[in-house]
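Remarks on the overall topology
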Amino acid sequence: MKNVAILFGGKSTEHEVSRSSATSVLNHIDKSKYNVFPIGITKEGKWFQYKGTFENISNGNWEKDLNNKIADGINILLNKEVDVVFPVLHGMYGEDGTMQGLCKLLGLPCVGPSVMSSAVCMDKIYTKYLLEHEGIKQAPYVVVNAFDYGIKPEEFINKIEENLGYPCFVKPANSGSSVGITKAQNRESLKAGLVEALKHDRKILVEEGLNAREIEVAVLGNDDPKASVPGEIIPAKEFYDYEAKYQDAASKLMIPAALSEKEMTNIRELSIRIYKKLDCAGMARVDFLVDKENGEVYLNEVNTIPGFTSISMYPKMWEATGLPYSELIDELIRLAIERG
Ligand SMILES: Nc1ncnc2c1ncn2[C@@H]1O[C@H](COP(=O)(O)OP(=O)(O)O)[C@@H](O)[C@H]1O
Ligand SMILES: [Mg+2]
């Protein structure tokens with residue numbers, strides 16, 4: 001039996017999404033192989049071991065459940081009561097290399113990529129910088145930082161209009177779940193979008209809006225990673241924003257994506273190339289934008305702790321590739337220990 005810490009919640013804007021993902025992991029992990037230690041982190045950053053029901057984790061009631069909430073959450077890691085840590089935490093303080101750093105300091109194997117790889121993948125601007133050296137096609141972009149924008153906003157607006165035009169996407173560098181992301185159709189909404197994005201980050205990425213299909217690939221492995229069959233997202237709204245992701249049942253997931261054999265092979269190979277360039281390990285979901293007119297493939301982003309609910313793309317794409325959810329968890333734990 002291995003002892004596994006399953007971390008959920010966290011300080012990021014994706015706290016709620018993390019609770020759903022973690023509940024799903026807890027429901028699917030093989031309890032005959034693992035002793036599970038669910039550890040909740042509140043939005044304020046307090047850690048607790050949680051011994052109550054998974055349902056309470058899912059609906060958020062765990063925080064009020066004083067009988068089952070034990071204030072030794074972080075000690076489980078510090079005292080090395082577990083063999084491996086699965087941070088089912090999306091976004092900042094979970095997916096960005098910080099938790100990976102804590103585990104590394106403690107010598108605890110951690111599911112997913114390393115400190116450096118997690119940090120680069122979390123930061124949409126650094127992902128761009130790194131991959132453009134490798135000739136990976138990405139949407140044209142302009143970087144805006146809070147300090148310079150405060151001094152000369154018009155200069156940035158002009159640069160964006162000249163280089164990108166409308167529509168364009170305004171994204172906090174460290175966003176996730178589309179929080180703080182807007183699609184700007186004109187100067188007014190661009191300015192409003194920048195104000196919104198700057199609430200979340202001091203570095204903003206503005207990208208040319210592509211008229212594109214959204215194709216994703218689940219990649220799994222350490223030195224010899226494998227790519228799943230690609231899937232496609234058909235957002236119920238103008239773009240795949242927070243509501244379309246989690247609240248609007250009309251968004252559709254198609255697995256496998258409607259692509260030709262050749263397109264499938266290309267995109268799977270490309271996702272592995274990107275995964276290796278970013279030095280990923282364990283897992284990552286590689287998201288593409290495929291031009292609706294000419295089929296050109298652009299990298300959109302790489303998620304190192306992708307959504308993990310039973311209806312999320314990452315586990316569903318593996319299921320469609322022949323790896324059921326609980327075996328996927330086994331493999332992630334095995335990969336973490338191998339790398340650790
Ligand atoms: N350059 C772009 N062109 C067209 N649509 C985009 C572009 N960038 C983002 N989007 C849309 O916005 C959504 C969220 O952007 P994304 O970069 O994936 O952020 P997040 O990390 O929050 O998921 C995408 O799923 C897609 O629907
Ligand atoms: Mg995305």
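Residues numbered from 1 in each chain as written. Chains lettered and ligands numbered in written order. Predicted model: local features only at pLDDT ≥ 70, side-chain atom pairs only at ≥ 80, totals over all residues. Heavy atoms only, no water.

1. Regarding the overall build of the protein chain
Looking only at helices and strands, the protein chain has 13 helices and 15 strands in total. Here the protein chain holds 340 residues, and 55% of them are scored as buried. Of the contacts formed within the protein chain by residues at least 6 apart in sequence, a portion of 65% connects residues at least 24 apart. Averaging the coordinates of the 39 positive side-chain charges in the protein chain and doing the same for the 48 negative ones gives two points 2 Å apart. (Helix = DSSP H or I, 4+ residues; strand = E, 2+ residues; numbered from the N terminus. Buried < 20%, exposed > 50% of the residue type's maximum accessible area, 1.4 Å probe, protein only. Contact = heavy atoms within 4.5 Å. Lys, Arg positive; Asp, Glu negative; His and termini not counted. Charge placed at Lys NZ, Arg CZ, Asp CG, Glu CD.)

2. Looking at the sheet that holds strand S6 (residues 141-145)
Pairing is antiparallel across the open sheet formed by 4 strands, whose spatial order is S6-S9-S7-S8. Of all strands in the sheet, those bounded by a partner on one side alone are S6 and strand S8 (182-184). Strand-to-strand, the axes of this sheet are offset by a mean angle of 25°, without reference to chain direction. Where S6 lies against strand S9 (residues 203-208), 5 bridges are found, and the strand directions are antiparallel. Bridge assignment links Val-142 to a residue of S9, and that residue is Val-206. Sheet strands touched by helix H6 (residues 124-132): S6, strand S7 (168-172) and S9. Its angle to S9, the strand with the most contacts, is close to 60°. (Pairing = 2+ DSSP bridges. Axes fitted to C-alpha atoms, helices over the stretch in contact; angles between N-to-C directions.)

3. A few points about the site of ligand 1
The environment of ligand 1 is made up of 20 residues, and the closest members are Lys-124, Lys-171, Ser-178, Glu-214 and Lys-245. Contacts to ligand 1 include Leu-210, whose backbone N or O atom sits 2.8 Å from a nitrogen atom. Residue Asn-300 places a side-chain N or O atom 2.9 Å away from an oxygen atom belonging to ligand 1. Across the complex, the protein chains shield 96% of the 550 Å² of accessible surface that ligand 1 would expose by itself. Mapped by element, the contributors of at least two residues to the shell around ligand 1 are S7, S9 and strand S15 (297-303). (Near = heavy atom within 4 Å. Polar contact = N/O pair within 3.5 Å; in protein donor to acceptor, adjacent residues only side chain to side chain. Areas by Shrake-Rupley, 256 points an atom, 1.4 Å probe, with all protein chains shown as cover.)

4. Observations regarding the pairing of strand S14 (residues 282-291)
Burial analysis of S14 places 10 of its 10 residues in the buried class, which makes it a mostly covered element. Of the pairings in the sheet, the one linking strand S10 (residues 212-221) to S14 comprises 10 bridges and is antiparallel in character. Bridge assignment links Arg-213 to a residue of S14, and that residue is Val-290. As paired strands, S14 and S15 are joined by 6 bridges and run antiparallel to one another. Pairing of Arg-285 across the sheet is with Asn-303, part of S15. Count of turn residues in the S14/S15 antiparallel hairpin: 5 residues, of which Gly-295 carries a positive phi of about 75°.

5. Concerning the sheet that holds strand S5 (residues 84-87)
Pairing is mixed across the open sheet formed by 5 strands, whose spatial order is S4-S3-S2-S1-S5. With one partner strand each, in any of the chains shown, strand S4 (69-70) and S5 form the two edges of the open sheet. In the sheet, strand S2 (residues 34-41) pairs with strand S3 (residues 47-50) via 3 bridges, with the strands oriented antiparallel. Bridging across to S3, Gly-40 finds its partner in Phe-48.

6. So, the pairing of S3
Because side chains alternate across S3, one face comprises the buried residues Trp-47 and Gln-49, and the other comprises Phe-48 and Tyr-50, equally buried. Taken together, S2 and the strand that follows it, S3, pair antiparallel across an intervening segment of 5 residues, in which Gly-45 is found at a positive phi of about 95°. Bridging between S3 and S4 involves 2 bridges; their strand directions are antiparallel. Within S4, the residue paired with Tyr-50 across the bridge is Lys-69.

By themselves, these are just geometric observations and shouldn't be taken as functional.
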